[in-house]
Amino acid sequence: MPTVHHDGRDIYYECTGNGPVVVLLHSFLCDGEMWNQQLTALAEKYRVINVDLRGHGKSGVADTPLDIYAMTGDVIAVLDKEQVTSATWAGLSIGGMIALRAALTHPDRVSGLILLDTHAGTETRFKIFKYKTMVAIAKLLGISPLLPTVAKLMFGKDTLETQPGLVEYWKKKFAAMSLVSIENVANALCARDSLNHRLSSITQPALVLVGHDDISLPPACSEALAARLPHAQINIIPRAGHLSTLEQPQAVNRVMLDYLAAYAPREDSVTA
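Residues numbered from 1 in each chain as written. Predicted model: local features only at pLDDT ≥ 70, side-chain atom pairs only at ≥ 80, totals over all residues. Heavy atoms only, no water.

### Examining the packing of aromatic side chains
Aromatic ring pairs are reported here in terms of the distance separating the ring centres and the angle at which the planes meet. Counting across every chain of the model gives three aromatic pairs. Taking the centre distance of 6.4 Å and the plane angle of 45° together, the rings of Trp170 and Phe174 count as tilted. In this pair, Trp170 and Phe174 are both assigned in helix H7 (residues 164–176), four residues apart and thus about one turn of the helix distant. Like Trp170, the residue Phe174 is buried in the burial classification. Of the aromatic side chains, those joined through ring pairs into one cluster are Tyr169, Trp170 and Phe174. (Phe/Tyr/Trp six-rings, centres within 6.5 Å; stacked < 30°, edge-to-face > 60°. Helix = DSSP H or I, 4+ residues; strand = E, 2+ residues; numbered from the N terminus. Buried < 20%, exposed > 50% of the residue type's maximum accessible area, 1.4 Å probe, protein only.)

Here's what the structure looks like:
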């Protein structure tokens, strides 16, 4: 199983396919399995590096305070190990926040951006209070009592009604994440800085996707992000909430593949 040791943590990832490189970065509380419905379609033409973020999946526990820039460094370490000089970064929610920071701090390592259900601004005071309260409850009672609320934050109303099996499966996945990782990554999300004043310097082509029914980071967040990026297009995915890749995979695949066909480098950007 491929891992890279960075900043005292083992970061797990999987490589699939050949061609121009696409890095996949999942949402908070998820892992690389979130992209399973995209992997087969992408791997037909691209080399896909699917990363479990610090504290998630098979990567090391996030047992010390961190920020989103540290998580960006984890992904750069993966690219270094795989000798990838530049890639298209595709990230959902915190994954998109990591990708944006990579484009600003390591622009030569980012050839394009696919930003799903994400945000370039700071967290609101109300949401900071809400999330910190939820973490406190989880530390006291465990995460299980919070799972119905978490599910409503993660999935759109159509998915909750029509795909109960999918929702229940991922509720179990959410519950499997260690509480210390949940707390430290949630704190990183709550403390994130605003990138809004810096977005105009991102020159890479960007695709912005958002679920129509996302209540965690509503379409207005993605619309503001796309408006500030110099070379961005936006697509709103019907009948999807925050985890659009799981809820409407075929619609997401179609838009991602169209973007990559137009903008991905023709050759794999790997050093000799």
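Back to the write-up after that little detour.
### Some points on the pairing of strand E7 (residues 206–211)
The buried fraction of E7 amounts to six of the six residues, a majority that puts the element mostly inside the structure. Where burial is concerned, the two faces of E7 agree: the one with Ala206, Val208 and Val210 and the one with Leu207, Leu209 and Gly211 are both buried. Relative to E7, strand E6 (residues 110–116) runs parallel, the two sharing four bridges. Along E7, the bridge assignment pairs Leu113 with Ala206. (Pairing = 2+ DSSP bridges.)

### Examining a nonpolar patch on the surface
Nonpolar side chains collect at one region of the surface, where Ile137, Leu140 and Leu141 lie side by side and expose about 320 Å² of accessible area between them. Checked against the element boundaries, Leu141 lands in helix H4 (residues 125–141). (Patch = residues over 30% accessible without salt bridge, like charges linked within 9 Å, V, L, I, M, F, W, Y side chains within 5 Å. Areas by Shrake-Rupley, 256 points an atom, 1.4 Å probe, with all protein chains shown as cover. Salt bridge = Lys/Arg side-chain N within 4 Å of Asp/Glu carboxyl O.)

### A word on the sheet that holds strand E3 (residues 21–25)
As summarised here, the arrangement of the eight strands in space is E1-E2-E4-E3-E5-E6-E7-E8, forming an open sheet in which the pairing is mixed. Sheet topology places strand E1 (3–6) and strand E8 (232–237) at the edges, where each strand pairs with a single neighbour. On average, each strand axis in the sheet is inclined to that of its neighbour by 20°, with strand direction left out of account. Looking at chain direction, E3 and strand E5 (residues 87–92) are connected through four bridges and run parallel. The residue of E5 that forms the bridge with Val22 is Thr88. Along the sheet, helix H9 (residues 219–228) contacts E6, E7 and E8; its crossing angle with E7, the most-contacted strand, is approximately 170°. Where helix H11 (residues 249–263) meets the sheet, it contacts E3, E5, E6, E7 and E8, and its direction lies at approximately 175° from that of E7. (Axes fitted to C-alpha atoms, helices over the stretch in contact; angles between N-to-C directions. Contact = heavy atoms within 4.5 Å.)

### Description of the pairing of strand E4 (residues 47–51)
For a regular strand, the rule is simple: side chains alternate between the two faces of the sheet. Most of E4 sits out of view: five of its five residues are buried. Going residue by residue along E4, you find Arg47, Ile49 and Val51 tucked away on one face and Val48 and Asn50 tucked away on the opposite face as well. Note that strand E2 (residues 9–16) and E4 share four bridges and pair antiparallel. What sits directly across from Tyr13, in E4, is Val51. As paired elements, E3 and E4 share five bridges and run parallel to each other. In the sheet register, Val21 faces E4, and the bridge partner there is Arg47. In this view, the connection linking E3 to its parallel neighbour E4 by way of helix H1 (residues 36–43) has right-handed handedness. (Right-handed = clockwise from strand over helix to strand, strands pointing away.)

It is worth stressing that arrangement in space is one thing and function is another; only the former is reported here.
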